[in-house]
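Structural description and commentary
Spelled out from the first residue to the last, the chains are:
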Amino acid sequence: EWLDFMDQTGIEWTVVYPSIGLAVGRIVSIDWAIAACRAYNNWLHERFVKQSPRIKGMALIPLQDVEEAVVELRRAVKDLGMVGAMLPSGGEGVKDHLGSRMYWPIYQEAEKLGCALAVHGGSHQHFGMDTFSVYYPAHALGHPFGIMVQAAGMLSHGIFERFPKLRVAFLEGGATWVPFFMDRIDRSYDSHAQVDLEGKYLVKPRPGHKESEYFRSLIQDGRIFVGFDCDDRGLSYAVQRAGREAFLFASDFPHESFNAESCRREINEVLVREDLGPKDKEAVLGQNAKRLYGVSS
């Protein structure tokens, strides 16, 4: 079914993410999280990855136990041929924000393996919407809220400075959170610098540089990537602010793009947009994905 879908849409290769597995961060039992991630990765390898080089996989790793997450990341990439691993943006089993020191071993291993990590929404609890009686606003806001929180955590706690070869994507929150995020971090970075008890800055200031410029430099260096939705009217503005190097297309098959016809229509809509140049379209429809996942063909 995946191969037929790609043939009909003209997609060369795809990277498969989980569905229910997006909520892996909600598993509170450490043993169950380890077993679930290992079982999912085995299944993804057997059912999809080893069947065709056109289908690539992103592993699940148990953030509930960092040592085991490192072991599973290494196994998934080296033994199962995965191109990286997904990190949940939230959940009761995730013990801290992704900028926390406790997750440094995972980033160190990803650097060593040369693989991608991708923060993906999927758990929308604890954002103040738990008592909503309808789902669509939680879905609309939960994805960008979750990845923005984790992007802020990783950026402000020096993850990209400590791990200079790390590549991280923030997916399924659209593109338009990026200009908003850049504006807000500039506003707060300049006026709310913190010091510790010894008077040393918790985040070392970058004299003469805005925080958004640092964020943009990480994008241009191929360190940060952002998934976009084809109906993002603000995509061109996000490209203008952050650079075309950030954004990458995802079919989301078989969810929102439930068949080849709907996916091809989305691709064609990007191709005819007048607010994006030819190089922009080439980047967001293919080249950025190659850079993120380390795929040359």
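Further up the page is the structure itself.
The structure reproduced in this document is the subject of the present report. (Residues numbered from 1 in each chain as written. Predicted model: local features only at pLDDT ≥ 70, side-chain atom pairs only at ≥ 80, totals over all residues. Heavy atoms only, no water.)

**Some details on the pattern of salt bridges**
Here the idea is simple: oppositely charged side chains can pair when their charged atoms come close. Overall, the coordinates contain 10 salt bridges when judged by the stated rule. Glu-72 is paired through a salt bridge with Arg-38; the nearest N and O atoms lie 3.5 Å apart. Of this pair, Glu-72 sits in helix H3 (residues 66–78) while Arg-38 sits in helix H2 (residues 30–47), and the two are 34 residues apart along the sequence. When its relative accessible area of 39% is taken as the criterion, Arg-38 is described as partly exposed. A cluster of three or more residues bridged by salt bridges with shared partners is formed by Arg-38, Glu-72 and Arg-75. (Salt bridge = Lys/Arg side-chain N within 4 Å of Asp/Glu carboxyl O. Helix = DSSP H or I, 4+ residues; strand = E, 2+ residues; numbered from the N terminus. Buried < 20%, exposed > 50% of the residue type's maximum accessible area, 1.4 Å probe, protein only.)

**Comments concerning the pairing of strand E3 (residues 84–88)**
Across a regular strand the side chains alternate sides, sitting on one face of the sheet and then on the other. Most of E3 sits out of view: five of its five residues are buried. Pairing geometry for strand E2 (residues 55–60) and E3, over three bridges, is parallel. For Ala-59, the partnering residue across the bridge sits in E3 and is Ala-85. Direction of pairing for E3 relative to strand E4 (residues 116–120): parallel, over a ladder of five bridges. Bridge pairing in E4 places Met-86 opposite Ala-118. Read as a crossover between parallel neighbours, the route from E3 over helix H4 (residues 104–113) to E4 is right-handed. (Pairing = 2+ DSSP bridges. Right-handed = clockwise from strand over helix to strand, strands pointing away.)

**Comments concerning the sheet that holds strand E6 (residues 224–228)**
The sheet built from seven strands is open, its strands ordered E1-E2-E3-E4-E5-E6-E7 with parallel pairing. Lying at the two open borders of the sheet, with one neighbouring strand each, are strand E1 (14–16) and strand E7 (247–249). Mean inter-strand twist for the sheet, computed between neighbouring axes without regard to direction, equals 30°. Judged from the three bridges that link them, E6 and E7 form a sheet pairing that is parallel. Within E7, the position partnered with Phe-228 by the bridge is Phe-249. (Axes fitted to C-alpha atoms, helices over the stretch in contact; angles between N-to-C directions.)

**Examining the side chain of Asp-186**
With respect to the helices and strands, the residue Asp-186 is situated in helix H7 (residues 177–191). Of the side chains bearing the opposite charge, Lys-210 lies closest to the buried Asp-186, which forms no salt bridge; the N-O distance is 4.8 Å. Excluding residues that lie within four positions of it along the chain, Asp-186 makes contacts with Lys-210, Glu-211 and Ser-212. (Lys, Arg positive; Asp, Glu negative; His and termini not counted. Contact = heavy atoms within 4.5 Å.)

**Focus: the environment of Arg-265**
Tracing the sequence through the fold places Arg-265 in helix H10 (residues 260–271). Of the residues examined, Arg-265 reaches a relative accessible area of 44% and is grouped as partly exposed.

**Re unusual backbone geometry**
Residue Pro-254 is reached from Phe-253 by a cis peptide bond, and omega for that bond is 5°. For Pro-254, the position within the fold is in the loop between E7 and H10. Positive phi values are uncommon outside glycine, yet Asp-252 reaches one of about 60°. Along the chain, Asp-252 turns up in the loop between E7 and H10.

**Examining the packing of aromatic side chains**
If you walk through the whole model with that rule in mind, you get 13 aromatic pairs. Both rings, one in Phe-228 and one in Phe-249, keep their centres 6.4 Å apart while their planes meet at 55°; by these two values the pair is tilted. Of the two residues, Phe-228 is situated in strand E6 and Phe-249 in strand E7; the sequence distance between them amounts to 21 residues. On the basis of relative accessible area, Phe-228 is assigned to the buried category, the value being 3%. In textbook terms, an aromatic cluster arises when at least three aromatic residues are bridged by ring pairs, as seen for Phe-170, Trp-177, Phe-181 and Phe-215. One cation-aromatic arrangement involves Arg-47 over Phe-48; the distance from NZ or CZ to the ring centre is 5.2 Å. Lys-56 extends its terminal NZ or CZ atom over the ring of Trp-13, reaching a point 5.7 Å from the ring centre. (Phe/Tyr/Trp six-rings, centres within 6.5 Å; stacked < 30°, edge-to-face > 60°. Lys NZ or Arg CZ within 6 Å of the ring centre and 35° of its normal.)

Read these as geometric descriptors, not functional statements.
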